[in-house]
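# Structural description and commentary
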Amino acid sequence: TATHDSPTAAGSGDSATKAFRASRSTGPEVSQERVSEVVTELLAGIHATIRSKKVSYDEFQAAKKYLIDVGEGGEWPLILDVFVEHVVEDVAAEDQEGTKGSILGPYHLPDQVRLDTPATLPRRPDEKGTELLFAGHVRDTEGNPVPGAELDIWHADDEGYYSGFAPHLPDGNLRGVVVADEQGKFDIHTIEPSAYQIPTDGPTGSLIEAAGWHPWRPAHLHLMVRAPGYRTITTQLYFRGGEWLDSDVASATKPELILDPVDSGDGKHAVTYDFTLEPA
Ligand code: MBD
Ligand code: FE
C-alpha cells in the first residue's frame, strides 16, 4: 500500500513534454526532399492499413480523438518512445561498435549531480530496495581505459517511479553523473529498481488496455556513457530473471544488456559491467 498519492499520467506526461522541449531548442535542418520522401512513405503506410483493414469512419474519428488526447495528456514522448524509438535505435545501431545501445526513453533529465567514483546516487534516507553495487570499466575499442568517462545514470525506485516525473519524489533522486577514475573504473552504489508500468490512467495506458496488451517494462537502469572524442552510448541494463524481459512493452531489451548480480552475503547485490566506446 502506497504512503503517497500515485503520480498521474497527466502529471508525468506534462513533465516529460517539458523536459523534451527543453532538450531540443534547435532541430536539425531537414531538406524539402527528405521531408517529402519520408512523409510520403509514412502516409502510404497509413493509407494501406486503412484499405487492408477496411477502417470505418467511426474508427477514423475515434483515432482522431485518441491522438488529440495523447497530446493533451502530454503523452507524445511516452507513446513514441514506447512504440517507435526501438526501431530508430536499431537503425542507429547498424554502424555502432562497442557496447550495445538501447532507447533513451522519456525520463532522462540533464544536469544531474556530478559524483566522483566511488559514488552513491542521491537517495532518500529510507530508500527501499535491494542495495546494488554496480562497478566496471570504460574502455575504447582497442581496450585502453577511458579516464574520466562520464556515466550519466538514472533509474526508477523500488515502486517503479522516476524522480522528476512523480511528485512525491525529491528532485534528483536516483540520478547522477558519475565520473570514472584514471583507469576508467567506476563504482556506483544504488538500489535495484522495480519493473516499470506505463501509467494506466492516460491515453497510452488506455490503448494498451483496449488492445489487450500488458503495460510493463522489465526493471532497468538507464545510462549514457560519454567522453570527449567518443561516440556517446545510450543504453539500458536489465536484470537476469526479471519479469517482462521477454515481453518488454517498449521492445528495448537485448541479450547483451542483461546483468547477473550476485549476492554479496549481506543481502546486498553486486555486479560488474564494462563499457566499450568507439571513436566519434
Ligand atoms: C520508461 O521507463 C522507459 O524506459 C521507456 C523507454 C518508456 C517508458 C518508461
Ligand atoms: Fe525507464
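Everything below is about the structure shown above.
So, a few notes on the structure that sits alongside this text.

Criteria and cut-off values
- Residues numbered from 1 in each chain as written.
- Chains lettered and ligands numbered in written order.
- Predicted model: local features only at pLDDT ≥ 70, side-chain atom pairs only at ≥ 80, totals over all residues.
- Heavy atoms only, no water.
- Salt bridge = Lys/Arg side-chain N within 4 Å of Asp/Glu carboxyl O.
- Helix = DSSP H or I, 4+ residues; strand = E, 2+ residues; numbered from the N terminus.
- Buried < 20%, exposed > 50% of the residue type's maximum accessible area, 1.4 Å probe, protein only.
- Pairing = 2+ DSSP bridges.
- Donors = N, O, S within 2.8 Å, 3.2 Å for Na, K, Ca; no water.
- Near = heavy atom within 4 Å.
- Polar contact = N/O pair within 3.5 Å; in protein donor to acceptor, adjacent residues only side chain to side chain.
- Expected span 1.5 Å × (residues − 1).

## A short note on the pattern of salt bridges
The full count for this structure, using the stated rule, is 15 salt bridges. Of the charged contacts in the structure, one is a salt bridge between arginine 123 and glutamate 131, with a shortest N-O distance of 3.0 Å. Here arginine 124 ties to aspartate 157 by a salt bridge, and the two come within 3.2 Å at their closest N and O atoms. Of this pair, arginine 124 sits in the loop between β2 (119–120) and β3 (131–140) while aspartate 157 sits in the loop between β4 (150–155) and β5 (175–179); the two residues are 33 residues apart in sequence, bridging distant segments of the chain. The class of arginine 124 is partly exposed, set by a relative accessible area of 21%. A relative accessible area of 1% places aspartate 157 in the buried class. One network of salt bridges, in which partners are shared, links Arg114, Glu150, Asp152 and Arg226.

## Description of the sheet that holds strand β11 (residues 258–259)
Hydrogen bonds along the backbone pair up the strands of a sheet, which may run parallel or antiparallel. One open sheet accounts for six strands, arranged β1-β5-β4-β9-β10-β11; its pairing is mixed. If you trace the sheet from one side to the other, it starts and ends with β1 (114–116) and β11, each paired once.

## Digging into the coordination of the iron ion (ligand 2)
On the protein side, the iron ion (ligand 2) has Tyr162 (OH), His220 (NE2) and His222 (NE2) as donor atoms, found 1.9 to 2.1 Å from it. Each donor residue of the iron ion (ligand 2) lies on the same chain, and together they follow the pattern Y-x57-H-x1-H. Placement of the pair is tyrosine 162 in the loop between β4 and β5 and histidine 220 in strand β9 (residues 220–226), with a sequence separation of 58 residues. Exposure remark for tyrosine 162: the relative accessible area of 3% places this residue in the buried category.

## Considerations on the site of ligand 1
Neighbouring ligand 1 are Leu78, Val82, Ile103, Gly105, Pro106, Tyr107, Tyr162, Tyr196, Arg217, His220 and His222. The contact in question runs from an oxygen atom of ligand 1 to an N or O atom on the side chain of tyrosine 162, over 2.9 Å. Put simply, the parts of the chain that give the shell around ligand 1 at least two residues each are α4 (76–83) and β9.

## Comments concerning helix α2 (residues 32–52)
If you check α2, its first and last C-alpha atoms are 30 Å apart, about what 21 residues at 1.5 Å a residue would give, namely 30 Å. Just downstream of α2 lies lysine 54, where phi reads positive at about 45°.

Don't take any of this as a statement about function, it's just geometry.
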